[in-house]
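A structural walkthrough
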Amino acid sequence: MASIPLDYVNYKSTSVFEINSVPKMFLHLHNTKAGVFGQIHVLNGELKFYGFTDRRGEIEQELIIKAGEVAVSPPQYWHKVEFLTQNTRFRVDFWAHKDSEIVAQNLSERDE
């Protein structure tokens, strides 16, 4: 599993998702933007993370993330998640280089 470089900062976080509130995108193949790491925090229950070789590729990894655990999806990595328990709750933090344009844009939006 990837790790977030030390010169990256958390610039945005999702709300907490449950089985009835998760955006459908998370349950289907998607990826993160160039230069952005996604950090999945499971707060309750269990979530299964699937990583793919590419957009139409084979599954190259499966990881069960339990309550209190964290997993990291690297930039532009194709993945999806699956709820393993009905009471699963999670959020995603997004990280980018501290001097990147995406960080600057999101920090300025917080000031407005």
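Refer to the structure presented above.
So, a few notes on the structure that sits alongside this text. (Residues numbered from 1 in each chain as written. Predicted model: local features only at pLDDT ≥ 70, side-chain atom pairs only at ≥ 80, totals over all residues. Heavy atoms only, no water.)

A few words now on the overall build of the chain. Secondary structure assignment for the chain yields 1 helix and 8 strands. In the chain, the succession of α and β elements from N to C terminus is β-β-β-β-β-β-β-β-α. Computed over C-alpha atoms, the radius of gyration of the chain comes to 14 Å, within 12% of the 13 Å expected from 2.2 N^0.38 for 112 residues, which places it in the range of a compact globule. Taken over the C-alpha atoms alone, the chain extends approximately 35 × 30 × 25 Å along its principal axes. Taken over 112 residues, the chain has a buried fraction of 38%. Within the chain, contacts between residues at least 6 apart in sequence are counted, and of these 80% link residues at least 24 apart. In the structure as shown, the chain presents an accessible area of about 6,600 Å², 48% of it carried by carbon and sulfur atoms. With 12 positive and 15 negative side-chain charges, the chain shows a spacing of 4 Å between the two charge centroids. (Helix = DSSP H or I, 4+ residues; strand = E, 2+ residues; numbered from the N terminus. Rg over C-alpha atoms; globule rule 2.2 N^0.38 Å. Buried < 20%, exposed > 50% of the residue type's maximum accessible area, 1.4 Å probe, protein only. Contact = heavy atoms within 4.5 Å. Areas by Shrake-Rupley, 256 points an atom, 1.4 Å probe, with all protein chains shown as cover. Lys, Arg positive; Asp, Glu negative; His and termini not counted. Charge placed at Lys NZ, Arg CZ, Asp CG, Glu CD.)

Relative to the helices and strands, Thr-32 resides in the loop between β2 (17-18) and β3 (37-44). Distance from Thr-32 to Gln-76, taken between C-alpha atoms, is 4.8 Å for residues 44 residues apart in sequence. Filtering out sequence-adjacent residues up to four positions away, Thr-32 remains in contact with Gly-38, Ser-73, Pro-74, Pro-75, Gln-76, Tyr-77, His-79 and Phe-94. Among the polar contacts made by the side chain of Thr-32, one reaches the main-chain carbonyl oxygen of Val-36 at a distance of 3.3 Å. Of the polar contacts made by the side chain of Thr-32, one reaches the backbone oxygen of Pro-74; its length is 2.9 Å. (Polar contact = N/O pair within 3.5 Å; in protein donor to acceptor, adjacent residues only side chain to side chain.)

Tyr-11, Phe-26, Ile-40, Leu-47, Val-81 and Phe-90 are the most contacted members of the largest nonpolar core, which has 20 residues in total. Elements supplying a minimum of two residues to this core: β3, β4 (46-52), β7 (79-83), β8 (89-97) and α1 (101-111). Broken down by element, this core gets its largest block of residues, 4 residues, from β8. Setting aside its immediate chain neighbours within four residues, Ile-40 contacts Leu-47, Phe-49, Ile-65, Glu-69, Val-70, Ala-71, Val-81, Phe-90, Arg-91 and Val-92. (Core = buried A, V, L, I, M, F, W, Y, C linked by side-chain atoms within 4.5 Å.)

A separate point is the side chain of His-30. The topology assignment puts His-30 in the loop between β2 and β3. Separated by 3.1 Å, the side chain of His-30 and the backbone oxygen of Met-25 make a polar contact.

This next bit is on the sheet that holds β7. Ordered by their spatial adjacency, 3 strands build an open sheet running β5-β4-β7, and the pairing between neighbours is antiparallel. Edge positions in the sheet fall to β5 (59-66) and β7, since each has one partner strand and no second. Neighbour to neighbour, the strand axes of the sheet diverge by 20 degrees on average, direction disregarded. With 7 bridges connecting them, β4 and β5 associate as antiparallel partners. By the bridge assignment for β5, Tyr-50 is matched with Glu-62. (Pairing = 2+ DSSP bridges. Axes fitted to C-alpha atoms, helices over the stretch in contact; angles between N-to-C directions.)

All right, on to the pattern of salt bridges then. Where side chains of opposite charge bring their charged atoms close, a pairing between them can arise. Scanning the entire structure with this criterion turns up 4 salt bridges. Between Lys-98 and Asp-99 there is a salt bridge whose closest N-O contact spans 3.5 Å. By relative accessible area, which is 59% here, Asp-99 ends up exposed. (Salt bridge = Lys/Arg side-chain N within 4 Å of Asp/Glu carboxyl O.)

Just geometry here; none of it tells us what the structure is for.
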